[in-house]
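Each chain, written out:
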Amino acid sequence: MWASGLISNFGSFLTFVALPVQLKDLTGSAAAVGAVGAVELIPLIVFGLYGGALADALDKRRLIVWTEAGQGLLSAVLLVNALLPGPTVWPLYVVAALSSALVSVQRPALDSLLPRIVAHEHLPAAASLNSFRWTVGGVAGPAVAGVVVAYAGLGWAYAADLLTFAVSLAFVVRIAPSPASQEAARPDLRAVVEGARYAWSRKELLGTYAVDLAAMFLAMPLAVLPFLADELHAAWSLGLMYATFPLGALLVSATSGWTSRVHRHGRTVVLSAALWGLAVTAAGLVGDVWLVLLFLTVAGACDMVSGIFRGAMWNQTIPDELRGRLAGIELLSYSVGPQLGQVRSGGVAAWAGVRTSVWSGGALCVGAMGLLALCLPGLMAYDARTNVHAVRLREQRAATAPTGV
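Residues numbered from 1 in each chain as written. Predicted model: local features only at pLDDT ≥ 70, side-chain atom pairs only at ≥ 80, totals over all residues. Heavy atoms only, no water.

Peer 1: Summarise the overall build of the protein; cite the residues concerned and give the values.
Peer 2: Counting its secondary structure elements, the protein contains 16 helices and zero strands. In terms of overall size, the protein behaves like a compact globule, its C-alpha atoms giving a radius of gyration of 20 Å where 405 residues would be expected to give roughly 22 Å. By its C-alpha atoms, the protein is 60 × 45 × 35 Å across when sized along the principal axes. Among the 405 residues that make up the protein, the fraction classed as buried is 56%. Here the analysis covers contacts within the protein between residues at least 6 apart in sequence; of these, 87% occur between residues at least 24 apart. (Helix = DSSP H or I, 4+ residues; strand = E, 2+ residues; numbered from the N terminus. Rg over C-alpha atoms; globule rule 2.2 N^0.38 Å. Buried < 20%, exposed > 50% of the residue type's maximum accessible area, 1.4 Å probe, protein only. Contact = heavy atoms within 4.5 Å.)

Shown next as structure tokens:
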């Protein structure tokens, strides 16, 4: 599973860079690039919630295999469109929407599988290892994509993504079956509502969702990076700009041993999200491309810290029979924000300028984190050692662990 994700993530980051560059070349509009987030939003919401119910009710391996194959087919569509004498815009939006749907079904299955195969006390370390896998692809993929797109063309980037999905699928079919638990509910609207009701009863979980949603909506500048690189007269830096967030995350993942000594997860989530906003603000204010790259890297590191402790809170407190549905809600919290953030950043850039879009979003994020810290006392008080849900799940897993483990 880890190897499959490493390979497919690398290829996906190639397309992650190539698609907005192709849209920019075809339309010349920051708003058109930002609109990708809008077309991804509805499939993300619908299939994120339903995908969580499917992950609880069906074999997780089967969901992962079929969605991985579907992603490969979508890469083939992008490749064919890029090779046409006159590539068109609409397939880019259609593929973005369908890809969002497939990812929304796959991610709850992947996320809910992790607590089944990793010991409770090792879940923060496993989250860091999974993040390391993502960040390796996130650093290498955009850096390679910048070179490939500039010197070989968009078709080569899409072809490489298609190849990585084929290799990834060969790995993922070897995952052992992971059938639904005996307590699993049918994947219908009632099951989705049950998961939402549980999430609503857990105010500290709601706090993690609110923090990530606000941070990504207000301070995610991905849609305007192609235009920012042009404005700084450094078109060569685009691939590096896309790689900065994963690079910062990689630095945190590679040095994440300290995370096991932190128990006040909620406070750490809020603080790191505020620092993310501060770093994005600085990136929008400075005029030197190397300083922009530095501050974006710092932002990526802060986002990873927030992600590690959000994941630890989720994995260490949510019962197995609800894990898929809550993973679907988690997917919305950390995915809807970036999609809406693309729309916001693209719209503000078209209205007030690229750099204003970047620094204003970061400043709003810092203010929002201060407000959320005041409004979410349950999140700020969360302690992994004493939280009743964490203690209960830790005791349940200890009671069911095989002898000698």
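Peer 1: I'd like a description of the side chain of Ser306, backed by residues and values.
Peer 2: Mapped onto the elements of the fold, Ser306 is located in helix H12 (residues 289-315). Setting aside residues no more than four positions away along its own chain, Ser306 makes contact with Val269 and Ser272.

Peer 1: Can you break down the nonpolar core residue by residue, with the values?
Peer 2: Within the largest apolar cluster, 78 residues are counted, with the highest numbers of intra-cluster contacts made by Tyr158, Val211, Leu225, Met241, Trp276 and Met369. Here this core gets twelve residues from one element, more than from any other, and that element is H12. Contact partners of Val211, with chain neighbours within four places excluded, come to Val269, Val270, Ala273, Met369, Leu372 and Leu379. Of all hydrophobic cores here, the second largest spans eleven residues; its members include Ala55, Val105, Leu110 and Ile175. (Core = buried A, V, L, I, M, F, W, Y, C linked by side-chain atoms within 4.5 Å.)

Peer 1: Lay out the state of the cysteines with the relevant residues and their values.
Peer 2: Scanning the entire structure with this criterion turns up zero disulfides. The thiol sulfur of Cys302 is not disulfide-bonded, and the nearest other cysteine sulfur, from Cys365, lies at 10 Å. For Cys365, a relative accessible area of 0% translates into the label buried. (Disulfide = S-S within 2.5 Å.)

Peer 1: I'd like to hear about the pattern of salt bridges, residue by residue, with values.
Peer 2: Tallying each qualifying case throughout the model produces five salt bridges. In this structure, Glu204 engages Arg202 in a salt bridge whose closest nitrogen and oxygen atoms are separated by 2.8 Å. One exposure class covers both Glu204 and Arg202, and it is buried. Its salt-bridge partner being Arg310, residue Asp212 comes within 3.4 Å of it at the nearest N-O pair. Highlighted residues: Asp212 in helix H8 (residues 203-219) and Arg310 in helix H12, separated in sequence by 98 residues. Residue Asp212 shares its accessibility class with Arg310, and that shared class is buried. A single salt-bridge network, built from bridges that share partners, covers Arg264, Asp383 and Arg385. (Salt bridge = Lys/Arg side-chain N within 4 Å of Asp/Glu carboxyl O.)

Peer 1: Residues and numbers for the packing of aromatic side chains, please.
Peer 2: Enumeration over the complete set of coordinates arrives at six aromatic pairs. Taking 5.5 Å as the distance between ring centres and 40 degrees as the angle between the ring planes, the aromatic pair formed by Trp236 and Trp290 counts as tilted. Residue Trp236 is found in the loop between helix H9 (225-231) and helix H10 (238-254), and its partner Trp290 is found in helix H12; the two are separated by 54 residues along the sequence. Residue Trp290 is classed as exposed on the basis of its relative accessible area, which comes to 54%. Taken together through their ring pairs, the aromatic side chains of Phe13, Phe16 and Tyr242 make up a single cluster. In this structure, Lys203 is placed above the aromatic ring of Trp200, and the distance from its NZ or CZ to the ring centre is 4.1 Å. (Phe/Tyr/Trp six-rings, centres within 6.5 Å; stacked < 30°, edge-to-face > 60°. Lys NZ or Arg CZ within 6 Å of the ring centre and 35° of its normal.)

Peer 1: Any chance you could break down the environment of Ala76 for me, citing the residues and the numbers?
Peer 2: Mapping Ala76 onto the fold places it in helix H3 (residues 60-83). Of the residues examined, Ala76 reaches a relative accessible area of 23% and is grouped as partly exposed. When the C-alpha atoms of Ala76 and Ser256 are compared, they prove to be 37 Å apart, with 180 residues separating the residues in sequence.

Peer 1: With reference to specific residues and values, describe the environment of Val21.
Peer 2: As for its position among the elements, Val21 is in helix H1 (residues 2-27). The exposure class of Val21 is buried, given its relative accessible area of 10%. Along the backbone, Val21 and Ala223 are 202 residues apart, and their C-alpha atoms lie at a distance of 9.9 Å. Beyond its immediate sequence surroundings of up to four residues, Val21 is in contact with Val149 and Leu238.

Peer 1: Any chance you could break down a nonpolar patch on the surface for me, citing the residues and the numbers?
Peer 2: A cluster of nonpolar side chains, Ile42, Ile45, Val46 and Phe47, forms an exposed patch at the surface whose accessible area comes to about 350 Å². Tracing the chain through its elements places Ile45 in helix H2 (residues 30-57). (Patch = residues over 30% accessible without salt bridge, like charges linked within 9 Å, V, L, I, M, F, W, Y side chains within 5 Å. Areas by Shrake-Rupley, 256 points an atom, 1.4 Å probe, with all protein chains shown as cover.)

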